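# Per-entry structural report
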Amino acid sequence: MQRIKHDLRLSETVSPFGVGAVIDIRGESLIAPDTSWWDERYSPEIHCERLVERLGPSVLREAPTHSGRTGKDTAGLLYWRFPAWRFCERCSRLSQRTGKDRGKWINKCECGGMLVPMRYVAVCEKGSHLQDIPWFMWAHRGRDAGVTESVRHCRAYKELRFVRSAKHGEGLKSLRVECGGCRRSRPMSDLVSKGALAHDGLRCKGTQPWQDSRQDDACEHALVAVQRGATGNYIAERISALDIPEEKPPSIALAAAIREHADFGRVVDDNGGPKAEMIAGWIADEVGATVDDVLILAAAGGMPQDDVLADLKDGEWAAFLKKLGTPGRDHSEGDFVVDSWLTSERPGIPTTLAERLTAVGQVRRVREVRALKGYRRYSAEADMIPADLSLKGKRKPTLPAIEMYGEGIFLQFSEEFLADWEQRAAVRARAKILLDRRSKTQWASRLDLPEARFVALHTIAHLLIRRLAYASGYSSASLQERIYASSYRPDRTAGVLIYTAAGDAQGTLGGLVRLGDPDQLVPLLLAAIDDADVCSNDPVCIESDRQGASSLNLSACHGCSLVSETSCETANRLLDRQLVLGGRDVPGLLEGVLNEVRALSVP
C-alpha cells in the first residue's frame with residue numbers, strides 16, 4: 001500500500017464517487033471501500049436527528065479529508081485499485097503487477113509504458129457483487145477448436161497480451177487477448193454474449209473487490225461482463241433531509257392528542273365492544289376529532305405504527321406552512337430562516353396565477369444533510385449492499401454523509417384549486433398513463449406516486465430551474481428540487497422547493513433567494529411557462545405520451561423540461577407539459593395564465 005493523494009470534492013464522497021463506486025482519476029481506475037475502512041478520528045460525526053430516526057440506528061460521518069499542504073500528513077479517504085488487471089500501452093503486456101521505481105510503486109510497466117486498466121469487469125446479476133475478470137483463465141477457455149491440450153495446460157502467466165488486430169474484423173472482434181506461450185488468441189466479442197462467463201466456468205465470488213473472498217462466500221447468481229464505467233454498475237441509494245425544526249402535521253398532532261387522552265385505553269381494551277363507540281364519542285368531542293378517527297387508532301393497538309413520521313417531507317411541509325403563516329421578514333435565528341409573502345396581497349400578479357399560487361417563501365438559510373444508505377449493481381432489482389459491511393448487527397453502521405448550507409425559493413400552491421383540478425376526468429386519465437407504467441415497472445416502485453398534482457408540480461419545478469439558471473448566477477446542476485405533492489396522505493401537500501445543492505461556497509451566494517422577491521419571481525415564472533409553451537421538438541414532443549427511461553415521461557424532452565439528473569429527485573422522470581399548460585382535451589394546471597398575460601400586453 002502506498003499513500004498517493006488525489007483530490008475530490010467532499011460532496012463527491014457521497015455521490016457520485018461514494019462507497020462501491022468505480023472512479024477514473026489520472027489514468028487510474030479506483031474503487032471506494034465501505035466505511036469500516038474509514039479512520040473515525042478524522043471522520044467527524046454529522047448530527048441530524050430527523051434523518052437518523054428515518055434511517056434507523058446508525059451514525060452519520062463525513063469522509064476523512066485533508067486540506068492541501070497543511071494537512072498532508074492527516075488521513076484521507078482510502079481507495080483500492082480496481083480492476084487489478086491492466087495492460088501496457090507500449091508493449092501490450094497484460095498483468096496484475098505494478099511497476100516500481102526507487103522503492104515506490106508506480107503505474108508503469110517495466111518497459112516504461114503506462115499501465116491502462118482493462119475495460120471490462122464482472123458484475124453479479126442479482127447479488128450486486130463485483131470482481132475482476134481472470135483474464136489468463138478466460139483466455140485459455142472456450143468451446144472452439146483452438147482449445148487444445150497445450151492451451152488447457154499452458155502456464156505462461158507472464159506472456160499474456162492485449163492487442164488490436166484489424167484482420168479479424170471490427171469492434172470487439174478486433175480486440176483480442178493473446179498468449180505468447182500457447183499462441184491462444186481469443187476475441188473480446190466472446191466475453192459479452194449471453195451466459196458467456198458461466199459457459200467458461202467463471203463463478204461469482206460473492207464479495208466486493210476490497211473484501212477477502214472465501215469459499216463460503218460464493219454466490220449462486222451468474223456473472224455478466226460489463227464495461228467498468230457503465231452507469232448500471234453503480235446505482236446509489238441516497239436519502240436527504242432538511243435540518244429544520246420538526247413540526248407535526250395536523251393529522252399527527254391529532255392522533256397524538258387522541259392517544260394521550262385518559263379514556264383512550266378503555267377504547268383499546270374494549271376491542272370494538274359496545275362501550276368502545278360511546279367512549280370514542282367522548283374523546284372525539286374533547287379533542288376535535290371524529291369517532292372513526294378514534295376507533296381506527298384503537299384498532300391499531302393504540303400505538304403509532306412508526307415512532308417517527310412516515311415521510312420526512314411531512315415534517316418539512318408542516319414547518320414551511322408555519323413559516324408562511326406569518327408573512328413578512330423572518331427574524332428568527334438558526335439554520336432555517338424563511339421570509340414569506342402572499343400572492344393575494346401583491347398587485348400586478350395575474351389573477352389566474354394568484355388563484356393557483358398562494359404563497360412564496362424566500363429561504364435565506366437552510367441546512368441539508370445527505371447520506372448514502374448503500375448501492376446496487378447491474379439492475380435496480382438487485383440486492384442492496386450497505387455502505388458499512390463490518391460487524392453485521394454488532395454495532396451501529398456508519399453511513400457516509402455530508403452537510404450543506406444553502407438558500408432557496410419555496411412555492412405553495414392552492415390545495416382547493418388543485419383538489420378540484422385533479423378530479424377532472426381528462427386529468428385523471430392523463431395521470432393514469434404514468435401510474436400504470438410505474439406499476440408495471442418493478443424498479444419504478446421506488447419513485448414517487450405520479451398522481452396528477454405531483455407530475456404537474458414536478459414539471460413546473462423543472463421549468464423554473466431552467467429559467468433560474470440564467471438569472472441566479474448558479475449553474476443548473478447547482479440547483480436542487482424538493483417536491484411536496486401528495487393527496488393520498490392524511491395531510492395533503494402541494495408545494496415546490498428549489499434550493500442550492502452545491503457543497504461549497506457556491507451554495508450561499510444569495511443569487512437565488514433574491515429572485516424570490518415578487519418583482520423578480522413572477523416575471524421569471526411567467527417566462528418559464530412561456531419557454532415551455534413551445535418546444536423545439538414540437539409537435540412531436542407535445543403530442544407524445546411515451547418519452548424518457550421506461551417511457552415514464554409524457555410530453556417532456558431535453559428541449560423543454562429536462563434538467564441535470566443530479567438536480568431531480570426522480571432522475572428526469574414523471575414529467576408532462578400537458579398537465580401544466582394543457583393540450584388536446586387535457587386542462588393544464590396553469591392553463592390560461594399565458595393568455596391573460598398576453599391579453600394585458602396587447603395595446
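Reading the values: rules and limits
As a convention, each chain's residues are numbered from 1 in the sequence order in which they are written. Only residues with pLDDT of at least 70 get local features here, since the model is predicted, and only at 80 or more are side-chain atom pairs given and counted; chain-wide, interface and lining totals rely on the full set of residues. Side-chain metrics rest on all non-hydrogen atoms present in the structure, leaving aside hydrogens and water. Numbering of helices and strands runs from the N terminus, with a helix taken as a DSSP run of H or I at least four residues long and a strand as a DSSP run of E at least two residues long. Throughout, a contact is declared for two residues whenever any of their heavy atoms are within 4.5 Å. All accessible areas in this document rest on Shrake-Rupley with a 1.4 Å probe, and a residue is counted as covered only by the protein chains that are shown. When DSSP finds at least two bridges between two strands, those strands are taken to pair. Both site types are read off a 1 Å grid over the protein atoms alone. A 1.4 Å probe that fits but cannot get out defines a cavity, while an open set with protein on both sides within 12 Å along at least five of seven lines defines a pocket; lining residues have an atom within 4 Å of a point. Grid points are joined across faces, edges and corners, and a volume is the space filled by probe spheres set on the points. Residues are grouped as follows: nonpolar covers Ala, Val, Leu, Ile, Met, Phe, Trp, Tyr, Cys and Pro; charged covers Asp, Glu, Lys and Arg; every other residue, Gly included, is treated as polar. Helix span, expected: 1.5 Å multiplied by one less than the number of residues in the helix. The cut-offs for exposure are 20% and 50% of the maximum accessible area for each residue type, with area from a 1.4 Å probe on protein chains only; residues under the lower value are buried, those over the upper are exposed, and the others partly exposed. What qualifies as a polar contact is a pair of N or O atoms within 3.5 Å, subject to a donor-acceptor requirement within protein and to the restriction that residues adjacent in sequence count only when both atoms come from side chains. To define a nonpolar core, start from buried Ala, Val, Leu, Ile, Met, Phe, Trp, Tyr and Cys residues and group those joined through side-chain atoms within 4.5 Å. In the sections that follow, a salt bridge refers to a side-chain nitrogen of Lys or Arg positioned within 4 Å of a carboxyl oxygen of Asp or Glu. For every residue, the pLDDT score states the predictor's confidence, bounded by 0 at the bottom and 100 at the top. Whenever a pair of cysteine sulfur atoms sits within 2.5 Å, that pair is classed as a disulfide. Between 30 and 60 degrees the pair is tilted, below 30 it is stacked and above 60 it is edge-to-face, where a pair is any two Phe, Tyr or Trp rings, Trp via its six-membered ring, whose centres lie within 6.5 Å. Angles here are taken between N-to-C directions and fall from 0 to 180 degrees, while the axes themselves are lines fitted to C-alpha atoms, restricted in helices to the stretch in contact. Every angle not falling under 35 degrees, over 145, or within 65 to 115 is termed oblique; those three ranges are roughly parallel, roughly antiparallel and roughly perpendicular. By definition, any crossing whose near helix is turned counterclockwise from its far helix by less than a right angle is left-handed, and any crossing with a clockwise turn is right-handed.

## Some points on the overall build of the protein
- Counting secondary structure elements, the protein contains 16 helices and 22 strands.
- Within the protein, counting contacts between residues at least 6 apart in sequence, those at least 24 apart form 68% of the total.
- With an accessible surface of roughly 29,600 Å², the protein has 49% of that area assigned to carbon and sulfur atoms.

## Some remarks on the sheet that holds strand E11 (residues 130–131)
- With antiparallel pairing, 3 strands are arranged side by side in an open sheet as E11-E10-E15. Edge positions in the open sheet fall to E11 and strand E15 (223–227), since each of these has one partner strand only.

## With respect to the sheet that holds strand E1 (residues 22–25)
- Ordered by their spatial adjacency, 3 strands build an open sheet running E1-E2-E4, and the pairing between neighbours is antiparallel. Looking at the sheet topology across the chains shown, the edges are occupied by E1 and strand E4 (80–81).
- In terms of strand pairing, E1 meets strand E2 (residues 28–31) through 4 bridges, oriented antiparallel. Each bridged residue has a counterpart across the sheet, and for Val22 the counterpart in E2 is Ile31.

## Considerations on empty space enclosed by the protein
- What the rule picks out here adds up to 2 cavities of 30 Å³ or more.
- Put simply, the largest cavity is a space of about 40 Å³.
- Residue assignment for the lining of the largest cavity shows that the elements contributing at least two residues are strand E18 (357–376), strand E20 (398–413) and strand E22 (493–500).
- As a volume, the second largest cavity reaches approximately 30 Å³.
- When residues of the lining of the second largest cavity are traced back to their parent elements, those giving at least two are E2 and strand E9 (115–117).
- Grouping the constituent residues of the lining of the second largest cavity by class yields 2 nonpolar, 3 polar and 3 charged.

## Some remarks on helix H14 (residues 518–533)
- For H14, built from 16 residues, the straight-helix expectation of 22 Å at 1.5 Å per residue is met to within 8% by its first-to-last C-alpha distance of 22 Å.
- Listing the buried residues of H14 in full gives Pro518, Leu521, Val522, Leu524, Leu525, Leu526, Ala528, Ile529 and Ala532.
- The residue sitting at the N-terminus of H14 and contributing the capping side-chain oxygen is Asp517; that oxygen lies 3.1 Å from the backbone nitrogen of Asp519.

## A look at helix H9 (residues 312–324)
- Taking 1.5 Å of rise per residue, 13 residues should cover 18 Å, and H9 covers 19 Å from first to last C-alpha, within 8% of that figure.
- Within H9, 11 of the 13 residues are buried, leaving the element largely enclosed by the surrounding structure.
- By the burial criterion, the buried members of H9 are Leu312, Lys313, Asp314, Gly315, Glu316, Trp317, Ala318, Ala319, Phe320, Lys323 and Leu324.

## Considerations on the nonpolar core
- Core analysis: the largest hydrophobic core is formed by 57 residues, its most contacted members being Phe413, Trp421, Leu457, Leu468 and Leu589.
- Considering every element that reaches this core, the biggest residue donor is helix H13 (residues 452–471), with 11 residues.
- The contact partners of Leu468, leaving out residues within four places of it in the chain, are Ile409, Leu479, Ile498, Leu512, Leu515 and Leu524.
- Formed by 29 residues, the second largest nonpolar core is a distinct cluster that contains Cys182, Leu197, Cys204 and Leu223.

## Quick word on the pattern of salt bridges
- Taken as a whole and judged by the stated rule, the model has 31 salt bridges.
- A salt bridge links Arg482 to Glu316, with the shortest nitrogen-to-oxygen separation between them at 2.7 Å. Of this pair, Arg482 sits in strand E21 (residues 479–486) while Glu316 is found in helix H9, placing the two residues 166 residues apart along the sequence. Side by side, Arg482 and Glu316 carry an identical accessibility label, which is buried.
- For the salt bridge of Asp436 with Lys432, the shortest nitrogen-to-oxygen distance reads 2.9 Å.

## Concerning unusual backbone geometry
- Geometrically, the link from Phe82 to Pro83 is a cis peptide bond, its omega value of 0° lying close to zero.
- Omega for the bond connecting Asp538 with Pro539 falls within 30 degrees of zero, at 5°, which places this linkage in the cis form.
- You will see that Ser92, though not glycine, has its phi angle at about 70°, which is positive.
- Counting through the fold element by element, Ser92 comes out in the loop between strand E5 (86–88) and strand E6 (94–95).
- Positive phi, normally seen in glycine, also occurs at Leu574, with a value near 65°.
- Assignment of secondary structure puts Leu574 in the loop between H14 and helix H15 (578–581).

## Brief notes about the confidence of the model for the protein
- Model confidence for the protein is summarised by a mean pLDDT of 83, while 84% of its residues fall at 70 or above.
- Per-residue pLDDT stays below 50 along residues 302–310; that stretch engages in 15 contacts with residues further than four places along the chain or on separate chains.

## Quick word on the pairing of E20
- Most of E20 sits inside the fold, with 14 of its 16 residues counted as buried.
- Where strand E3 (residues 59–61) lies against E20, 3 bridges are found, and the strand directions are parallel. Looking across to E20, one finds that Leu60 is bridged to Leu399.
- Bridge analysis of E18 against E20 gives 12 bridges, and the strand direction is antiparallel. Each bridged residue has a counterpart across the sheet, and for Val363 the counterpart in E20 is Gly408.
- Two strands pair when backbone bridges link them, and E20 and E22 are joined in this way by 5 bridges, in the antiparallel orientation. Pairing of Phe410 across the sheet is with Leu497, part of E22.

## A word on the state of the cysteines
- For the coordinates displayed, the defined rule picks out 0 disulfides.
- Here Cys182 stays free of any disulfide, with the sulfur of Cys179 as its closest cysteine sulfur at 3.7 Å.
- Owing to a relative accessible area of 16%, Cys182 belongs among the buried residues under this scheme.

## Considerations on the packing of aromatic side chains
- Applying the stated rule across the entire model yields 11 aromatic pairs.
- Relative to Tyr157, the ring of Phe136 lies with its centre 4.6 Å away and its plane at 50°, an arrangement referred to as tilted. Placement of the pair is Phe136 in helix H2 (residues 135–139) and Tyr157 in the loop between helix H3 (149–152) and strand E12 (160–164), with a sequence separation of 21 residues.
- Phe136 sits in the buried class, given a relative accessible area of 12%.
- Here Phe320 and Tyr484 contribute two aromatic rings whose centre-to-centre distance is 6.2 Å and whose plane-to-plane angle is 65°, an arrangement assigned as edge-to-face. Here the residue Phe320 occupies a position in helix H9, and Tyr484 occupies one in strand E21, the gap between them amounting to 164 residues. For the pair formed by Phe320 and Tyr484, the shared burial category is buried.

## As for the packing of H13 against H14
- In the contact formed by H13 and H14, the axes pass within 9 Å of each other and the chain directions differ by 115°. Taken together, the axes of H13 and H14 lie roughly perpendicular to each other. Every pair of crossing elements has a handedness; the one defined by H13 and H14 is right-handed. Residue-level contacts link Ile460, Leu463, Leu464, Arg467, Leu468 and Ala471 of H13 to Leu524, Leu525, Ala527, Ala528, Asp531 and Ala532 of H14.

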